[in-house]
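Chains, contacts and geometry: an overview
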Amino acid sequence: VPEDQADKLLLASWGLPEAVLEKYHSLGVVQMFEWQAECLMLGEVLEGKNLVYSAPTSAGKTLVAELLILKRVLETRKKALFILPFVSVAKEKKCYLQ
């Protein structure tokens, strides 16, 4: 992330509703890793274009997907399909995103 865009590491910089930010903050998530912000700033990803990325387990891949989905759903008022690899993760995200 270029120095002039360092604020993009903060979740509050992405135009999410206050309720969403408060939920993330209550879980200790206030900012992203640099690679996560870079994913969100690539090309036209925020306009719905595809993104393929890879990172180790527990690196924060799900946060990137959540932010992309939340922004698109809130901005377009359309539904999204969030496919997760395990039932336990799906249940956790269901409670988390409600």
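The protein is annotated in an unreviewed UniProt entry as DPOLQ polymerase from Alectura lathami.

Take the UniProt feature "domain: DEAD/DEAH-box helicase" (unreviewed entry) in the protein next. With numbering aligned to this structure, UniProt lists the feature "domain: DEAD/DEAH-box helicase" (unreviewed entry) at residues 43-92. As annotated, residues 43-92 has a helix share of 44% and a strand share of 0%, and its two end C-alpha atoms lie 30 Å apart.

Time to look at the environment of Met-41. Along the chain, Met-41 falls in helix H2 (residues 34-41). Sequence spacing of Met-41 and Lys-8 is 33 residues, and the spatial spacing of their C-alpha atoms is 8.9 Å.

Regarding helix H1 (residues 18-26), the residues found buried are Val-20, Leu-21 and Tyr-24. Buried residues of H1, seen end-on, are gathered within an arc of 100° and therefore sit on one face of the element. Away from its buried face, by an angle of more than 90 degrees, H1 presents the exposed residues Glu-18, Ala-19 and Ser-26. Where H1 is buried, its residues touch helix H3 (61-76) and helix H4 (87-97).

Each value, and the rule that gives it
- Residues numbered from 1 in each chain as written.
- Predicted model: local features only at pLDDT ≥ 70, side-chain atom pairs only at ≥ 80, totals over all residues.
- Heavy atoms only, no water.
- UniProt positions renumbered as here; feature names shortened; annotations may be inferred.
- Helix = DSSP H or I, 4+ residues; strand = E, 2+ residues; numbered from the N terminus.
- Buried < 20%, exposed > 50% of the residue type's maximum accessible area, 1.4 Å probe, protein only.
- Arc of directions from axis to C-beta.
- Contact = heavy atoms within 4.5 Å.

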